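# Coordinate inspection notes
Residue strings, one per chain:
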Amino acid sequence: MAEAVRVKRKSKEKKKQDETTLDPDDDLTEGIPDIDGLENLLAEQTGSKEKDNDIKTVEKDDASKSTNAEIKTADKKDNVDNDIKEEGDKVVQTEVKETAETDHEATDSAQEQTEEKPTENIVENRTDLRFEEDTSKNIDNEAVTKPEEAVSKPKEDIGTPVDFEVENELVGYKVDEVPVHLPQQHLYPDLSEQLQQFIKENELTTSQTMDNVPVVEVQSSAPMEEDIRPREAEQRPQPKVERRKELQPLTPEQLTSLYYNPRLENNTAYIDRFVQMEMKRENHEFYEILMSYQRARKHLLQCEAALNTYEESYRQSQGEIWITETKSQTVKGVCGDQVNCVGMHSYNQVKLDYNALSRMTLNLKNIQDQIHNELALHSYSSQLSKLQVESYIHNLFVTSPVLRDIPKNLPVIACERQNPNAVHQVQKLLDCLSILFTFHRLPIDDIEMLENLQQWTERMVAALLRVGTFEDHLYILNQIMRCPSGIGSWASHFVQTPPIPTNEDYSPLVFGNVYLDHIITGLSTVLIPTSYRSEFMCKMQKMLTTGKDNKNLSWVMVDSDGEEDEDPQSSWVYLHENDVVAILKQLPLAAIFRHIFFIVQSQTGETYEYDIKKTTESTMYRVFAFCTCLIRILGNGLRTYSMARYRQLNKRLGRLIRQCVQFVSDHWENFSEANQGIMPVQALQKLQVEYDAFFMRAVNFIHMSQRLGSWQFIADMPFGRISKETMWKILWLLHQGHGRSFEIHEIPSAQECINFVKDASCSSQLSDILQRVPASEGIYLLNTMTNMTESCSSADITFIETVTMSVFEVSYICPETRDVCSKMGRELLSAVITCHPFMLSVLTQRVHEYMDKLGQMGLYLYKGINMETWLPTDSDLGILRQWLLNTALGSPANLIAQEILSNINWGHSSRGDRLMVPWRVHKQVAVLVVEAYQQFIFGKNLGSMIMEGVKQVSAAVQQYMTLEQEFNTWCWDLLLKLSLHRGSLPQHDRRLETSLGDTPDVNSDDTLLPLCKGIKEKNPTACYVTLMLTRYGHSIGEIISEGVALLQVLTEAGLFKPAISVIYYLLPLFVDCQKSIIDSVRFQGMLLSILQADDSYFRVAKGLLSYEFPGPITNLFISMIQVCH
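Residues numbered from 1 in each chain as written. Predicted model: local features only at pLDDT ≥ 70, side-chain atom pairs only at ≥ 80, totals over all residues. Heavy atoms only, no water.

### Focus: the overall build of the protein
- If you tally the helices and strands in the protein, you get 49 helices and six strands.
- Relative to its full complement of 1125 residues, the protein shows a buried share of 48%.
- Partitioning the contacts of the protein with sequence separation of at least 6, the portion at a separation of at least 24 is 78%. (Helix = DSSP H or I, 4+ residues; strand = E, 2+ residues; numbered from the N terminus. Buried < 20%, exposed > 50% of the residue type's maximum accessible area, 1.4 Å probe, protein only. Contact = heavy atoms within 4.5 Å.)

### Brief notes about the nonpolar core
- Ranked by internal contacts, the top residues of the largest apolar core, which has 250 residues, are F286, L843, W883 and L901.
- Apart from the residues within four sequence positions on either side, L901 is in contact with L880, L884, W906, V925, L928, W970 and L974.
- Ranked by size, the runner-up nonpolar core spans five residues in total, among them L300, C303, I367 and L375. (Core = buried A, V, L, I, M, F, W, Y, C linked by side-chain atoms within 4.5 Å.)

### Some remarks on the packing of helix α40 (residues 963–977) against helix α43 (residues 1020–1029)
- Orientation of α40 relative to α43, taken along the N-to-C sense of each, is 0°, at an axis distance of 12 Å. In terms of orientation, α40 and α43 fall into the roughly parallel class. Side by side, α40 and α43 meet where W972, L975 and L976 of the first sit next to P1020, T1021, Y1024 and V1025 of the second.
- Partitioned by chemical class, the residues of the contact of α40 with α43 number six nonpolar, one polar and no charged. (Axes fitted to C-alpha atoms, helices over the stretch in contact; angles between N-to-C directions. Parallel < 35°, antiparallel > 145°, perpendicular 65-115°, else oblique. Nonpolar A, V, L, I, M, F, W, Y, C, P; charged D, E, K, R; others polar.)

### Topic: the pattern of salt bridges
- Within the structure shown, the criterion is met by 20 salt bridges.
- With its nearest N and O atoms 3.9 Å apart, the salt bridge here joins R273 to E471. A residue pair is termed long-range when its members are at least 10 positions apart, and R273 in helix α11 (residues 267–279) and E471 in helix α17 (residues 470–481) qualify at 198 residues.
- For E471, a relative accessible area of 38% puts it in the partly exposed group. (Salt bridge = Lys/Arg side-chain N within 4 Å of Asp/Glu carboxyl O.)

### Description of helix α28 (residues 750–757)
- All buried positions along α28 are accounted for by A750, C753, I754 and V757. What you see down the axis of α28 is that its buried residues fit within an arc of 100°, all on one side.
- Here the buried face of α28 lies against α27 (724–734), α29 (760–772) and α31 (797–813). (Arc of directions from axis to C-beta.)

### A look at the packing of aromatic side chains
- Considering all chains together, one arrives at 26 aromatic pairs under this definition.
- Both rings, one in F274 and one in Y475, keep their centres 5.8 Å apart while their planes meet at 75°; by these two values the pair is edge-to-face. Taken together, the residues span a long stretch of sequence, with F274 in helix α11 and Y475 in helix α17 at a distance of 201 residues. A single burial state applies to F274 and to Y475, both of which are buried.
- Considering the side-chain rings of Y1064 and Y1065, the 4.9 Å spacing of their centres and the 80° angle between planes classify their relative orientation as edge-to-face.
- Within the aromatic cluster, the residues linked to one another by ring pairs are F624, W668, F671, Y691, F694, F695 and F719.
- Between the NZ or CZ atom of R482 and the centre of the ring of F536, over which it lies, the distance is 5.9 Å. (Phe/Tyr/Trp six-rings, centres within 6.5 Å; stacked < 30°, edge-to-face > 60°. Lys NZ or Arg CZ within 6 Å of the ring centre and 35° of its normal.)

### Let's talk about the pairing of strand β2 (residues 322–334)
- With 13 bridges connecting them, β2 and strand β3 (residues 340–352) associate as antiparallel partners. Across the sheet, the residue bridging to S328 is S346, located in β3.
- Following β2, the chain reverses through five residues before pairing antiparallel with β3; Q338 in that reversal takes a positive phi of roughly 65°. (Pairing = 2+ DSSP bridges.)

### Some details on helix α42 (residues 1009–1016)
- Taken residue by residue, α42 has L1011, C1012, G1014 and I1015 as its buried positions. For α42, the angular spread of the buried residues around the axis is 165°, confining them to a single face. Of the exposed residues in α42, the ones pointing more than 90 degrees away from its buried face are L1009 and K1016.
- As for α42, its buried residues are in contact with α38 (919–936), α43 and α44 (1036–1052).

### Here's the deal with the environment of T786
- Locating T786 in the fold gives a position in helix α30 (residues 775–790).
- Sequence-wise, T786 and S806 are 20 residues apart; in three dimensions their C-alpha atoms are separated by 9.9 Å.
- Those residues within four positions of T786 in sequence are excluded, and the remaining contacts are V803, V807, L828 and V832.
- A polar contact of 2.9 Å, which involves the side chain of T786, links it to the backbone oxygen of N783. (Polar contact = N/O pair within 3.5 Å; in protein donor to acceptor, adjacent residues only side chain to side chain.)

### Details of the packing of α27 against α28
- Relative orientation of the contacting elements α27 and α28 amounts to 45°, with a least axis distance of 9 Å. Relative to α28, the element α27 lies oblique. Crossing handedness for the pair α27 and α28: left-handed. Facing α27, whose interface residues are E725, W728, K729, L731 and W732, α28 presents A750, C753, I754, F756 and V757.
- Its residues assigned to classes, the contact of α27 with α28 shows eight nonpolar, no polar and two charged. (Left-handed = near helix turned anticlockwise from the far one by under 90°.)

### So, the state of the cysteines
- Within the structure shown, the criterion is met by zero disulfides.
- With no disulfide of its own, C627 lies closest to C660 among cysteine sulfurs, the gap being 4.0 Å.
- Free of any disulfide, C835 has its nearest neighbouring cysteine sulfur in C792, separated by 8.7 Å. (Disulfide = S-S within 2.5 Å.)

### Topic: the environment of E790
- Considering the arrangement of structural elements, one finds E790 in helix α30.
- On the basis of relative accessible area, E790 is assigned to the partly exposed category, the value being 26%.
- For the pair E790 and T834, spaced 44 residues apart in the sequence, the C-alpha separation amounts to 9.0 Å.

### Some details on the confidence of the model for the protein
- For the protein, the average pLDDT comes to 77, and 71% of its residues sit at 70 or higher.
- When mean pLDDT is taken per element in the protein, α17 scores highest with 96 and helix α8 (residues 206–212) scores lowest with 34.
- Contacts for the low-pLDDT stretch residues 547–554, under 50 throughout, to residues beyond four places or in other chains number nine contacts.
- Per-residue pLDDT stays below 50 along residues 948–958; that stretch engages in twelve contacts with residues further than four places along the chain or on separate chains. (pLDDT = per-residue confidence, 0-100.)

### As for unusual backbone geometry
- Even without being a glycine, Q338 presents a positive backbone phi close to 65°.
- Looking at where Q338 falls in the secondary structure, it is placed in the loop between β2 and β3.
- In this structure Q338 comes out as exposed when scored by relative accessible area, which is 65%.
- Unusually for a residue other than glycine, Y532 sits at a positive phi of about 60°.
- In this structure, Y532 sits in the loop between α19 (514–527) and α20 (533–536).
- Using a relative accessible area of 43% as the deciding quantity, one classes Y532 as partly exposed.

So, in C-alpha cells, the structure goes:
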C-alpha cells in the first residue's frame, strides 16, 4: 500500500519538479542557510506587523466570523456522518453552506465557545455543542469498547496539506469557495488518535484555565518571555514554583507520528540488505574482465619495473667499461747555457674493462629482449583489456534503452518505484557499479588504472542518478561510505539529491514529501556509524599498514591532554575529515529549511519571500517534530565522529544544531506574535511547551558530545525565547557533567532543579566538572551560563543571582579553579552586570562575606567590572563605608572601596536630563570621603606634607608616592567628580531637590556632623564639601560671612583647582549684587593667591630654563571666566 501511495504521489509532484542540479563544488557553509539572511527575512515579517496595526481589529473580527462559520459547517458534516452510521440504510443528504455572519453577537458566541472548550487541539474534530452534550457518554463507551481510527488510511502520498483550517484538516476536506471533490487524505493517519490521547492526559479544567492563564506583558528591555506563572506586575518573582499540573511535551512516538519518515525508519534494514548483497555477490562477467585488465596492468608494470632495472644496470656498467689512469713522463737535459733542466708531462690513459663490457652487453641484450618479448606483449594485453572493459560498458548502454536514451541535459531525478520494463536494465547497471566499487577497495598502486576506474564509475553513476529510484541514490551513498579514505576528492559529487518541489501556490501548501524524506535519510546515513566498513576495507589493510603508502603512520593523533585519541593500527579504517565534509556539502540543507518554513522564491528570482501567515498551528507542531528529528541525526553525528581527527567536523555539526534552533526560534517567535489574540492562550502554551522540549533536546545533544569544541555553540543559543522553567532545567543539565545524556522525561521538574542548583554542594560539583574538562570547554560552559542570564529579564532575580554566584565562586573562591577561571570569570561577571546592574550589589555582598579568602583577587575582579549603569543601594554604601573606614590604607578592602567609588558613573544618565546616581548618594559619598580624609590624612597632621607645590615636585622627579599621598589624590579626584552644588544639577534633579526642601544647613543637619567638625579644624575636604553642599555656598549672606573664609582655607592649602570649582558655582549668585563680593577683602586676597599660584618656587626655578605663560592654574581660571561669561 505504501508503495502504491509513493507511485501516485510521484505522478503529481513530478510536474512541479525544478529541473536544476546541485553544484558539487558548493561549500558546507553555502549548503547551510545563512543565519543572518534568514533572520533578516524573518525580521521583515515582524516589521510588517507594525504597519498592519490599524487593520488588526478588522482582521480579528473577520477571523472570528470565518471560524464561526467553519465550525458550524464542520458540525453539520459530523452530524450527517453520525446519522449515517447509526441509521445504516437511511440516506441523508446534507447541503454544506458557508455563512459569514456580520452581527457582533456571532463573534461573541464564537468566543464563548472557545472559552468553554479550552483544551481543543489541532487534531480534534469539532462537533456541535448540543450534539456533544447528548452523546458524550456514548462516545466515551465506544472509545473504551470499540476504538476506531479518527481518519482513514492515506491513498496519495502528496505531502501534508497545512493551509486547511485546523478543525477540518484531519478529516480530509476544506470548506472554501471551491466545491468539494476528492477528499485529500492525511499523511499521518494515526496523528489524531495519539494527540487526542495526549490532550486528555494534559487537559486543564475550566477553572484552572481561567486562573492560571497568564497575562503576557511584552517589555522592550526584556529579551526573554515573561514567566508563564501568574504574578503581579510590580511583585518580585519568588524562587518557589507554583505547584500545578504542568503541560507535558509530546512523546517521541507522538513526534514520530507528526513527522513520519518511512525511509529513515527502514534505513537500517536497507543497509543490512545492502551489506548482505555486496558481501555475497557472486562472480560476474564484468568482474572477470576487470580482473583480466588488472592482471594485464600488473604484468605491464612488472615489465616496466624490470626494464627500469636493466636500464639502471646498463648506465652503471657504461660508466665502468673504461678504466682511466693518469700517467706522467719526466725528461732531463742540459740547456744551451749548460744548465740542467727537468721537464714533466702528465696525460690520461684508458683501458677497456672486458668484464664491464660483457655486463653492459648483457644488459643491452636483456633490454632488447624485455622490449621485444615482454613490454610489447603486455602493453598490447593491457590496451586490449581496457578496450574490453569499455566495450562491455558500451554494450551495456547500447542494449539498455533506458540508459541509451538519457538526454544530456536531464537533471538528477528519482522515482519511488522502477518501471518494470527497466528493472532488469538498471539492475545490470547496479551490478557493474558494485564490481567497480569492489576494485576501488583493492590495494591498487597503478595510477592509470585508478583513473580509468574513476572515469568508468562516474559514467555509470551519472546514468543511475537519472534513471534510478531513491534506494538507488542511497545505494551510491552507502558504496561511497565504504570506500578508502580520500574518496571525497573524486566521488563526493556522486551524492546528488533531487530538488524538493517548491510551494509556489499559496493553497494548498504541502509539508513533507519523499524528496525531503530522502535528504534526511541520506544525512542520517552519513552521520551514523558505517557498519561493516572494516570488512569491506579488509583488503586495503595490508597496503595501508605494511605497504609503501604508510607515510602517515608516523603521525599519532592526540587529544588536548596529550594522550593518544585512537589506535594508530586501526586508523586506516576511518574516513578523512575532509571526506565527510565533502559529502555533507552535497546535501541541500538550505532547501530543507526553505521548505518547512514555506519560503518561496520571488517572481524575479532574486530574493525569497517569507510569510508567517502560511504557517498554521498544525504546521508548527510538524516543524517541531521535523527539527527534533534533524537535531537527533546531527547529535548522532557528534557521537559517531567523536575523535580528535574529526574536531572541525564536530564544530560544523554543533553549528548546524545551533542554526537549526535559531531558525526554529525565529519562526516560533513570529508565529506566536502573529497569533496573539487569535489563537486560544492554552494552544500557544502547548506550542511553547513543545518549543521548550525541542530546545532542551538540542542542548542535550551538544552537551553530551565529546570534548571537541562543540560546547561553544550552546553559548550562542537563543535562550531568550524559552520559558523560565526550561532555563532552570538547562542549568541543571549543565551541572551534570560531561558526556551524560538524558531524555526529556528523565529531567526533573523545575522546582527540583531549583533546589538542586541552589544547594551548597552544587558549586563544588560545578568545580569538579571544570577540573575534568579542558580549559576551553570550561570557558564555554561558564559562557553558556552567563549568556542565559543576559537573556533573562530583570524580574528573574533568583535565576540571575544563582548563576552569577556560581560563576563567582568557581572563578574566585574555589582554590582548584580560580587560577584558570579568574580572568574569564571577571569578563563574564562584567557582562552580566552590564546587562543587569543590580547584580553588582549582590556581588558586593558576597565579596564582603569572602573578603578574607579573596584578598587581592577581589581588587582584580572589580578593576574589570563596568559600573556605568549601577545604582548603589544603602546597604552597598554601608559596606563601602566599612571597607573605607575600618581597614588600613593599602589593604584589599580599602582599595576595593576606592576602586568602586571611582568607577561609579557620577555624571548624567544617557538621556542627559538627570543624574545617573541620585543626588542623595552624592551627598552621602562626599561626607564619607570627608570622614576618611579626616581619619587617614588630616587627623595625622599630614595635610601640610601634601600641598600642591610638593605634589608638583614629586611628580617632576618621579618619586614613589606614599599611601597617604595616593589616598589624598584619590579623595580630591572623587570629590571633584561629585555633583554637590545645586547649580551643577540637571534641570530635573534641581526641581526635585528644590521640592524636597531648602539647602542643607551644616549646623542643624545631623548627617553633616563630620562637616561641622571638619570646618572647625579647617579640614580642606570638609571646607570644600560644605561650600558645595550647604547654605554656605548657596546663600549670598552666608557666603560673604562664612563661605569666603572656607574658600580661603582651600587656597592657603594650595588646593587651587577645588577653589576655582567653588568660585565657578558661587559667582552666578552675585550677578545682581556684584559689589558685595567685589568689596570683600578676603575674596580679593584669595583671587590674588590663585593668580600667583603658578609662580611657586618650583615654577620659578623651572622658568630659568624655559618660560611658560600662562600656567595651568591661570589657564583653568581663564576657562572658568569664559564659561561663566
